[in-house]
Amino acid sequence: MAAPASEAPADSTASLSSTPPMGWSSWSALREGGSLTQDGIKAQARVMHDKLQRYGYRYINIDAGWSDHLDAYGRDAWDTTRFPDGLPALAAYLHGLGLKFGIYLTPGVPIEAYQKNLPVYGTPYHMQDIADPTRPGNTHNDSYRIDFGKPGAQEYVQSYADLFASWGVDYIKMDFVGPGGGLVPTDNRPDMKAWHQAIAATGRPMHLELSNSLSIADAATWQATSNGWRTGGDVECYCGVNGSSTPLTSWQRMSARFDQVADWQPYGGPGAFNDYDSIEVGNGGDGGLTPDERRTQLSLWSLAASPLLLGTDLTKLYGPDLELLANRAVIAVDQDAIDASRVSKSATAQVFAKTESNGDVIIGLFNTGPAAQTVSVAPGAAGLPASSSYRLDNLWTHRVTRAAGSVIAASVPAHGVALFRVRPWATGTAPAGPQTGLTVTAPDTLKTGQQATVTADFTNWGTTAATGVHVTLPVPKGWRATPLSRTSFVSVAPGATVRATYRVTAPASIAQLFPTARLDATAGFRWNTGTRVPGIGSAAGHTSVLLGAPVRAPFRTFASTPEPAQFSQVGTAVGIRAAGADVYGPSNGYGALYLPGAEQDGSSTTVRVTGQQYQNSGAKTGIMVRNDITAANSSPGYVTVGVSAKKGYFMQWDADGDGRLDSGTVANGSGVGKPVLPSWIRLVRSGTAYTGYYSTDGTAWTPLSTANIPSAATAQDVGLFGTAHNPGYPSEDDFADFTTTGH
């Protein structure tokens, strides 16, 4: 039953939403449910209290999964197995730590509540009096629409708000609100007006956040009825295997927010914020982002004054990530509650900027491309007043430099950012070194033992010369680097660039299929301080190289993807990195390792799939047979059998002989069984009949399908394939113990 609202924490009388909320949400890391428990939430809260609260992180938000039944009045009730002491007790625990408590809900009348015709608390009305069963109550289609023209409708929402207030709730995430994204269209604008009114009536400040992919055409309604709204779909990539929630996100998912930040800029501000979803920084590589990409996410969200709600597992907080999350200079950019505007956009770079109340301009120079490059903006375009020079405070490195008045620029690594607080240079201030950069470029991929040219370009964007410049490239263990040009320069004038060139040799062997090596270069220099003592400065740059080992005979390689594919072999392990749209119907984008002419009557081919990394759950991998694997768009006799780490096991074939897969065990895009890795895949041929199998232990085999392929040649190509179902974003598929017999 609803009870009077409990007394709010002492600081809740302060303005609820003058700044974007900061905290943690359970969905990204704990969505599988194993740790979504009372003790699991308390463990997250203790880490926040001990390590992050001092920087402004305060909300502990429980997302979906906290409720397993309804109360007597049609409202979600907590799962007593997960939360044996109850959510009010958990809220009190969090408040005792000085934290705030958030909860998750979806709008509408639950279908079960309607079917049971449960009463509306405190009224003579019932659910069938207020619900319209002919229309969905939210875009997830798990409830019926509330008809707010009927008596009892507002009272139902009020009873919910009163209930949450009595539990000590400080934050409500209302999911699947429409117009916007989701499974079905619906209109929850009346619901949000009702919730806004109900929350105000409780007397307890509760932040109302809407989700997800809200309609930008209805921004005025979201501004008037809530404190924030999700502008897009989930940032999570859902690309973990074996039920894992890691990796949490991907560059593809995160970088999709650039356009959202630009489009929604006019609508955010104090009291109501554009929400770009969870921050997936805190668990190192398990978050799915490189160190440069982690800075990019935090920089973009902060420039956009988005809520900073961490999706990572705080009990596994990674030290270097804690340094990023605890950067007060970057947090201040977020907490100014000012939304940045996009100043420029190209295929590989974007610039965002905003002007602070004191006149400082925050500028983010983003490199969205695959290679390091210079990113720049004209000062006036970023909102700076004209000046002969500018002071640049680098908010990530905490270095202060002086830039000439013509350009604000930086050397930015792939998928990285340079984030500056900029103001005109003030006369009489302490001298600062020139703004410089070092851009390192190398091939994206190399094979073991392969040589390549690496360049390091040193640029001076300052107002004084950099003298005694010396560039070094200390390569990782196993690599060799030999200078091919000068690496020392007497002087580099303002606006000038010099280049140091090296021949590098990749290591002769690798221990894993596709390791990534980072090449770091540094440049030391001096500059004139106007005194007898010169200043000492430095610049750094880096790039990454994907390593592979040559595939040995009798394997051959082939790729039909627009993007280059990579192949690698280490011992008996082989790997494919390939993009491609699909291998079904008119799409034939794949990378393949194959044996020409090895598939014949009586052949039995088996492989163990040991790993799969991808950014789209439609990625597929396994065994491929066709008359000619290199004739990707036309060769008949086409059969595949394999696994999609999220969809399950599949067998697909070309039933009409036109060289396209058109039939399968199940509909394309789905599979059977619960996929796990490693998995074993087998294809057996008898005449022109093929039978596919899978196994999760290498011993017990489950048949998938048997298909007759009249177009199969006497001798066919057989091998392994990978397709990302995601052009431009390769997946990686790793295999071991490939065998084919009977030929």
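Here the structure is a predicted model, which is why all the values come from computation and not from measurement.

**Some thoughts on the overall build of the protein**
Inference 1: Tallying secondary structure elements over the protein gives 13 helices and 45 strands in all.
Inference 2: Relative to the compact-globule value of 27 Å for 743 residues, the protein shows a C-alpha radius of gyration of 29 Å, a close match.
Inference 3: When the backbone C-alpha atoms are referred to their principal axes, the protein occupies close to 85 × 80 × 40 Å.
Inference 4: Burial statistics for the protein: of 743 residues in total, 56% are counted as buried.
Inference 5: Across the protein, every contact between residues at least 6 apart in sequence was considered, and the portion connecting residues at least 24 apart equals 69%.
Inference 6: Positive and negative side-chain charges of the protein, numbering 53 and 61 respectively, have mean locations separated by a distance of 9 Å.

**Details of the nonpolar core**
Inference 1: If you look at the biggest cluster of nonpolar residues, it comprises 96 residues, and the most contacted ones within it are Tyr57, Phe164, Ile172 and Trp195.
Inference 2: Among the elements that make up this core, the one with the highest residue count is helix α6 (residues 153-167) (9 residues).
Inference 3: If we skip the residues at most four places from it in the chain, isoleucine 172 touches Ile103, Phe164, Trp195, Ile199, Met206, His207, Leu208 and Glu209.
Inference 4: One finds Val609, Ile623, Val641 and Trp653 within the second-largest nonpolar core, a separate group that totals 32 residues.

**Observations concerning unusual backbone geometry**
Inference 1: Cis geometry is adopted by the peptide bond preceding proline 247, which originates at threonine 246 and carries an omega value of 5°.
Inference 2: Relative to the helices and strands, proline 247 is located in the loop between β11 (228-230) and α9 (251-255).
Inference 3: Omega for the peptide link from alanine 553 to proline 554 comes to 15°, which places this bond in the cis form.
Inference 4: Notably, aspartate 277 is not glycine yet its phi reads approximately 85°, a positive angle.
Inference 5: Residue placement: aspartate 277 occurs in the loop between β12 (273-275) and α11 (291-303).

**Overview of the environment of alanine 404**
Inference 1: Position of alanine 404 relative to the elements: it lies in strand β19 (residues 400-404).
Inference 2: Remark: the alpha-carbon pair of alanine 404 and arginine 391, spanning 13 residues in sequence, is separated by 9.2 Å.
Inference 3: Once you skip the residues sitting within four places of it in the chain, alanine 404 turns out to touch Ser388, Ser389, Tyr390, Trp461, Gly462 and Thr463.

**Brief notes about the pairing of strand β31 (residues 535-548)**
Inference 1: For β31, the buried fraction is high: 10 of the 14 residues fall into the buried class.
Inference 2: Direction of pairing for strand β24 (residues 445-447) relative to β31: parallel, over a ladder of 3 bridges. Paired with leucine 446 across the strands is leucine 547, a residue of β31.
Inference 3: Bridge count between strand β30 (residues 516-527) and β31: 12 bridges; the pairing is antiparallel. Its bridge partner being in β31, glycine 524 is matched across the sheet by serine 538.

**Overview of the sheet that holds strand β26 (residues 466-472)**
Inference 1: Reading across the sheet, the 5 strands line up as β24-β31-β30-β26-β28 and stay open at both edges, with mixed pairing between neighbours. Of all the strands in the sheet, just β24 and β28 (488-492) have a single pairing partner and so form its edges. The mean inter-strand angle of the sheet, taken between neighbouring strand axes irrespective of direction, is 30°.

**Considering the packing of aromatic side chains**
Inference 1: On inspection of all chains with the given rule, the structure shows 21 aromatic pairs.
Inference 2: Note on tyrosine 160 and tryptophan 195: the rings are 5.9 Å apart at their centroids and 40° apart in plane angle, and the pair reads as tilted. Placement of the pair is tyrosine 160 in helix α6 and tryptophan 195 in helix α7 (residues 189-202), with a sequence separation of 35 residues. Just as tyrosine 160 is buried, tryptophan 195 falls in that class too.
Inference 3: Centre to centre, the rings of tyrosine 276 and tryptophan 301 are 6.3 Å apart; their planes meet at 75°, and the pair counts as edge-to-face.

**Regarding α11**
Inference 1: The terminal C-alpha atoms of α11 lie 18 Å apart, and with 13 residues this matches the ideal 18 Å at 1.5 Å per residue to within 8%.
Inference 2: The buried fraction of α11 is high, at 11 of 13 residues.
Inference 3: Among the residues making up α11, those that are buried are Asp292, Glu293, Arg294, Thr296, Gln297, Leu298, Ser299, Leu300, Trp301, Ser302 and Leu303.
Inference 4: The first or second residue beyond α11 is alanine 305, which carries a positive phi of 50°.

**What to know about the environment of threonine 723**
Inference 1: In this fold, threonine 723 is placed in strand β44 (residues 716-723).
Inference 2: Classification of threonine 723 as buried rests on a relative accessible area of 0%.
Inference 3: Distance in space between the C-alpha atoms of threonine 723 and alanine 194 is 47 Å, their sequence separation being 529 residues.
Inference 4: Beyond its immediate stretch of four places on either side in the chain, threonine 723 contacts Ala579, Gly580, Ala581, Asp582, Val583, Gly589, Tyr590, Ala619, Lys620, Ser731 and Asp733.

**A word on the sheet that holds strand β42 (residues 689-695)**
Pairing between the strands of a sheet is mediated by backbone hydrogen bonds and can be parallel or antiparallel.
Inference 1: Taking strand neighbours across the sheet as the criterion, the 7 strands line up as β33-β34-β45-β36-β41-β42-β43 in an open arrangement whose pairing is antiparallel. The sheet terminates laterally at β33 (566-570) and β43 (702-708), the two strands that pair on one side only. Across the sheet, the mean angle separating the axes of adjacent strands is 20° when strand polarity is ignored.

**A few points about the state of the cysteines**
Inference 1: The final tally for this structure, using the stated rule, is 1 disulfide.
Inference 2: With a sulfur-sulfur separation of 2.1 Å, cysteine 237 is cross-linked through a disulfide to cysteine 239. Here the S-S torsion is close to -65°, and the disulfide linking cysteine 237 with cysteine 239 is therefore left-handed.
Inference 3: Residue classification places cysteine 239 among the buried positions, given a relative accessible area of 4%.

**Quick notes on the environment of leucine 314**
Inference 1: Its place among the elements puts leucine 314 in the loop between β13 (308-310) and α12 (319-325).
Inference 2: The residues contacting leucine 314, other than those within four sequence positions of it, are Trp24, Gln44, Val47, Met48 and Leu52.

**Focus on helix α3 (residues 87-96)**
Inference 1: Those residues of α3 that sit buried are Leu87, Leu90, Ala91 and Leu94. For α3, the angular spread of buried residues about the axis comes to 100°, placing them on one side.
Inference 2: Buried residues belonging to α3 abut α2 (38-52), β2 (59-61), β4 (76-78), β5 (100-105) and α6.
Inference 3: Phi for glycine 98, located one or two positions after α3, is positive at around 80°.

**Topic: the pattern of salt bridges**
Inference 1: Under the definition given, this model contains 24 salt bridges.
Inference 2: Ionic pairing is found between arginine 189 and aspartate 187, a salt bridge with its closest N-O pair at 2.8 Å.
Inference 3: You can call arginine 189 partly exposed: its relative accessible area is 29%.
Inference 4: Across the pair arginine 518 and aspartate 520 runs a salt bridge, and its minimum N-O distance is 3.0 Å.
Inference 5: Residue class for arginine 518 comes out partly exposed when judged on its relative accessible area of 39%.
Inference 6: For aspartate 520, a relative accessible area of 27% translates into the label partly exposed.
Inference 7: Salt bridges sharing common partners tie together Arg230, Asp234, Arg257 and Asp277.

**Topic: the confidence of the model for the protein**
Inference 1: Taken over all residues, the pLDDT of the protein has a mean of 96, while the share at 70 or more is 97%.
Inference 2: Highest mean pLDDT in the protein belongs to strand β16 (residues 361-367) (99); lowest belongs to helix α1 (residues 27-30) (95).
Inference 3: Segment residues 1-15 is flagged for pLDDT under 50; beyond a separation of four residues in sequence, or across chains, it makes 29 contacts in the model.

The rules behind the values
- Residues numbered from 1 in each chain as written.
- Predicted model: local features only at pLDDT ≥ 70, side-chain atom pairs only at ≥ 80, totals over all residues.
- Heavy atoms only, no water.
- Helix = DSSP H or I, 4+ residues; strand = E, 2+ residues; numbered from the N terminus.
- Rg over C-alpha atoms; globule rule 2.2 N^0.38 Å.
- Buried < 20%, exposed > 50% of the residue type's maximum accessible area, 1.4 Å probe, protein only.
- Contact = heavy atoms within 4.5 Å.
- Lys, Arg positive; Asp, Glu negative; His and termini not counted.
- Charge placed at Lys NZ, Arg CZ, Asp CG, Glu CD.
- Core = buried A, V, L, I, M, F, W, Y, C linked by side-chain atoms within 4.5 Å.
- Pairing = 2+ DSSP bridges.
- Axes fitted to C-alpha atoms, helices over the stretch in contact; angles between N-to-C directions.
- Phe/Tyr/Trp six-rings, centres within 6.5 Å; stacked < 30°, edge-to-face > 60°.
- Expected span 1.5 Å × (residues − 1).
- Disulfide = S-S within 2.5 Å.
- Arc of directions from axis to C-beta.
- Salt bridge = Lys/Arg side-chain N within 4 Å of Asp/Glu carboxyl O.
- pLDDT = per-residue confidence, 0-100.

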